[in-house]
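# Summary of the model geometry
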Amino acid sequence: MIPERPLFERRLLAAIDASPSRIPVLVGGCGTGRTSLLLRLRELVGHGSAQYIDLEAVATTPERCADAIRKASPFPPAGAPAQTVDDARAAFERLLTHLDTSRAPGHEPATFLLDEFLEFRTFENFPGLRHVIRDFMARVGESRNRFVLASRYTARTLRVLRDAPARFDVIQLGPMSAAEVQASCGSSQARRRDRDSDDTAAAIQALSAGRATYASSLARALESATGGSRLDPISALVSLMAPGGEMAARCRQAYELRLHRARGYGALKAILGVLSEQEGLTLTEIAQRLHRTPGSTKDYLSWLEDVDLVVSTRKRYTFEDPLLRLFVRLYAQPAPPSDDDVAREVHEFAMSRLPAPGAAPEPALAGVAATGTDDRSWGIIEID
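Numbering of residues begins from 1 in every chain and follows the order in which that chain's sequence is written. Totals for whole chains, interfaces and linings use every residue, but because this is a predicted model, local features are given only for residues with pLDDT of at least 70 and side-chain atom pairs only at 80 or more, for both listing and counting. Derived side-chain values reflect all non-hydrogen atoms in the structure, with water molecules and hydrogen atoms excluded from consideration.

### Some details on the confidence of the model for the protein
Segments scoring low in pLDDT should not have their predicted coordinates read at a detailed level. pLDDT measures how confident the predictor is about each residue, on a scale from 0 to 100. On average, residues of the protein score 85 in pLDDT, and 85% of them are at 70 or above. Helix numbers and strand numbers start at the N terminus; a helix is a DSSP run of H or I with at least 4 residues, a strand a run of E with at least 2. Mean pLDDT across the secondary structure elements of the protein bottoms out at strand E10 (residues 381-382), with 44, and peaks at strand E9 (residues 316-319), with 97. Pairs of residues are marked as contacts when any of their non-hydrogen atoms sit within 4.5 Å. Here residues 364-378 is a poorly scored stretch, pLDDT under 50, and it has 32 contacts once near neighbours within four places are set aside; other chains count. Contacts of residues 380-384 to residues separated by more than four positions or lying in other chains number 18 contacts, the stretch itself having pLDDT below 50.

As C-alpha cells, then:
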C-alpha cells in the first residue's frame, strides 16, 4: 500500500514548482509514510524527470555511492564524462555535481527525492570529508535543480537545518486522519461510505496512532479475516502484536533501529522500560526509578530525544510512538508474552485510545513537541 496524502502531496509540489523553488524537508517517525510519499511524488513528477534515492541503502563509501546513484539515474550525464578516481573527496564532489547539474528532458531542472538524507554523515569517516552535511546543504541550496529531503530523525534534522539557507522548509508528516485511512488502507470494506466503515476507519486511525504502516497492517488483517469469525479492530491488533505478528516485527525494527543510532544502549532501554510502565514522569522521577543521578539521567533522556524515541512536554516524558510503548510493555521481558498477556495489554491500550461511545472524536495533532532549542523563524509546517 502507498497511502495517499493529498494535502502533503500538494504542499510538496507547490514548493518545488515555486519560483524560485523551495526545498521541502519531510520529517516523521518510523511508519509515518515518508518513503511512500516520496514514491508517489516521483509518479506525479514523472520517472523521466525525478530520481528517488534511498541514501540509507547506498551510503556505503563515497565512491560506490556516487557510482550507484549515477548508474540508476534517468538523467543523461552533464558535461564531459567524469573520471573515476580512488579518492573519497573527489567521489563526493562527483555526486554533488550530479545532483547540481543533471537536467530533465528539455533541459528542465531535475527533481531529486532524497530519502534519509542524513545518511550522508556516513562519509565523515573518510579523509577530507569532515563537513559532508554542511557541504551538501550549501550545494543543493544554490542549485537550479529541485529537491525534496526526508528523514525519520526530527530532532537531528532540526539541528542540521538551524543554519541552513532560507530555501529549506521543514514539513512534519503528521498522522493520517480517519478519512485518509478510509481512502488509502486498501480495504474494500473500509473504503465503503457507510456507518460501519466510518467506525472501522476511525478505530484503525486511533489504534494505529495515524501511522500509515500500522494502519495498513490493521486494514489487511481485517480484510483477510475469513469464514464466520470476522475480526474487529482490537482483535486484529491482538493478532498483529502477538509473537511473530507483523506489527510486533515492525515495532521491533523501529525500536532497535533508533536505539542503535543513539548512545548508551543499555541505559536507554531501561528508561524506555520505566516509561512503558508509567508515562508522563519527570526527570527526577525517572532518575529515582533508574537508581541513577539526575545528571546522568538527563544525558540519557537527551540521547533518546535525539533519535525521537521520547518527547518532553512540560518537562514530562512520553513515548513519541504509542505503539512502541505497547511493544516495550509486551516484549521487554525475560520471555515472550503469552496470548493472554497480548490480549490484556492490547485491550488496555485500545481503551486508552478509542473514544467513549457517543463522544466527539478529537482532532489528530500534527507536529512535534516544542523543545525550545530552535529559534528559526520558519518553524515547522503542520498539515492536518
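### So, the environment of Val-328
Counting through the fold element by element, Val-328 comes out in helix H17 (residues 322-331). Sequence separation of Val-328 and Glu-277 is 51 residues, and the distance between their C-alpha atoms is 9.2 Å. Setting aside its immediate chain neighbours within four residues, Val-328 contacts Tyr-255, Leu-272, Gly-273, Ser-276, Phe-319 and Gln-333.

### Here we look at the pattern of salt bridges
Should a side-chain nitrogen of Lys or Arg be within 4 Å of a carboxyl oxygen of Asp or Glu, the pair is scored as a salt bridge. Taken as a whole and assessed by the stated rule, the structure comprises 28 salt bridges. A salt bridge links Asp-17 to Arg-146; the nearest nitrogen and oxygen atoms lie 3.8 Å apart. Highlighted residues: Asp-17 in helix H1 (residues 6-17) and Arg-146 in strand E6 (residues 146-151), separated in sequence by 129 residues. When its relative accessible area of 49% is taken as the criterion, Asp-17 is described as partly exposed. Here the term buried applies to any residue with accessible area under 20% of the maximum for its type, exposed to any over 50%, and partly exposed to those in between, with areas from a 1.4 Å probe on protein chains only. Residue class for Arg-146 comes out partly exposed when judged on its relative accessible area of 24%. What emerges from the salt-bridge pattern is a single network uniting Arg-34, Glu-56, Glu-116, Glu-119, Arg-152 and Arg-261.

### Observations regarding helix H14 (residues 265-277)
Taking 1.5 Å of rise per residue, 13 residues should cover 18 Å, and H14 covers 19 Å from first to last C-alpha, within 8% of that figure. Listed in full, the buried residues belonging to H14 are Leu-268, Ile-271, Leu-272, Gly-273, Val-274, Leu-275 and Ser-276. Buried residues in H14 make contact with helix H13 (246-261), helix H15 (283-290), helix H16 (294-306), strand E8 (310-313), E9 and H17. Working rule for helices: expected span equals 1.5 Å times residues minus one.

### Overview of the nonpolar core
A general trend in soluble globular proteins is that nonpolar side chains are found buried together. In plain words, nonpolar cores are sets of buried Ala, Val, Leu, Ile, Met, Phe, Trp, Tyr and Cys residues tied together by side-chain atoms within 4.5 Å. Membership of the largest hydrophobic core comes to 90 residues, with the highest contact counts inside it found for Phe-136, Met-137, Leu-149 and Met-241. Residues contacting Leu-149, with those up to four places away along its chain left out, are Ile-23, Pro-24, Val-25, Leu-26, Leu-114, Phe-117, Phe-136, Met-137 and Phe-168. Within the second largest apolar cluster, 13 residues are counted, among which are Tyr-52, Leu-113, Val-148 and Ile-171.

### As for the packing of H13 against H17
The relative placement of two packed helices comes down to the angle between their axes together with the axis-to-axis distance. To obtain an axis, a line is fitted to C-alpha atoms, over the contacting stretch when the element is a helix, and the angle between two such axes runs from 0 to 180 degrees between their N-to-C directions. It is the contact of H13 with H17, at a shortest axis distance of 10 Å, that shows an interaxial angle of 100°. With respect to each other, H13 and H17 are oriented roughly perpendicular. Two secondary-structure elements touch here, H13 through Met-247, Ala-248, Cys-251, Arg-252, Ala-254 and Tyr-255 and H17 through Leu-323, Leu-324, Phe-327, Val-328 and Tyr-331. Considered class by class, the residues forming the contact of H13 with H17 number 10 nonpolar, no polar and 1 charged. In these notes the angle categories are as follows: under 35 degrees is roughly parallel, over 145 is roughly antiparallel, 65 to 115 is roughly perpendicular, and the rest is oblique. In the scheme used here, Gly and all other residues not listed as nonpolar or charged are polar, with Ala, Val, Leu, Ile, Met, Phe, Trp, Tyr, Cys and Pro taken as nonpolar and Asp, Glu, Lys and Arg as charged.

### Re the side chain of Glu-116
Here Glu-116 shows up in the loop between strand E5 (111-115) and helix H6 (132-141). In terms of polar contacts, Glu-116 uses its side chain to reach the backbone amide nitrogen of Arg-152, at 3.3 Å. When neighbours within four sequence positions are excluded, Glu-116 is seen to be in contact with Arg-34, Leu-55, Glu-56, Ala-150, Ser-151, Arg-152 and Tyr-153. Counted as a polar contact is a pair of N or O atoms within 3.5 Å, where, for protein atoms, one must be capable of donating a hydrogen and the other of accepting one, and residues adjacent in sequence contribute only when both atoms are in side chains.

### Observations concerning the packing of aromatic side chains
Side-chain rings of Phe, Tyr and Trp (the six-membered ring for Trp) are treated as a pair once their centres are within 6.5 Å; stacked means planes under 30 degrees apart, edge-to-face means over 60, and tilted covers the remaining angles. Going through the model one piece at a time under the given rule, you end up with 10 aromatic pairs. Measuring from centroid to centroid gives 4.7 Å for Phe-120 and Phe-136, while their planes differ by 40°, and the two rings are tilted. Here the residue Phe-120 occupies a position in the loop between E5 and H6, and Phe-136 occupies one in helix H6, the gap between them amounting to 16 residues. We note that Phe-120, like Phe-136, is buried. Residues Phe-327 and Tyr-331 carry aromatic rings whose centres are separated by 5.1 Å and whose planes lie at 25° to one another, so their mutual orientation is stacked.

### Re the packing of H1 against helix H2 (residues 34-45)
At their nearest, the axes of H1 and H2 sit 11 Å apart, and the two run at 55° to each other. In this view, H1 runs oblique relative to H2, as classed from their interaxial angle. As H1 runs across H2, the sense of the crossing is right-handed. Contacts between H1 and H2 involve Phe-8, Glu-9, Leu-12, Leu-13 and Ile-16 from the former and Leu-37, Arg-40, Leu-41, Leu-44 and Val-45 from the latter. In this scheme the handedness of a crossing depends on how the near helix is turned from the far one: anticlockwise by less than a right angle means left-handed, clockwise means right-handed.

### Structural notes on the pairing of strand E2 (residues 50-54)
Of all the 5 residues making up E2, 4 are buried; the element is thus mostly covered by neighbouring parts of the structure. Inspection of the sheet shows E2 paired to E5 by 5 bridges, in the parallel sense. Bridging from a neighbouring strand, Ala-50 pairs with Thr-111 of E5. Strand pairing is assigned whenever DSSP detects at least two bridges linking the two strands.

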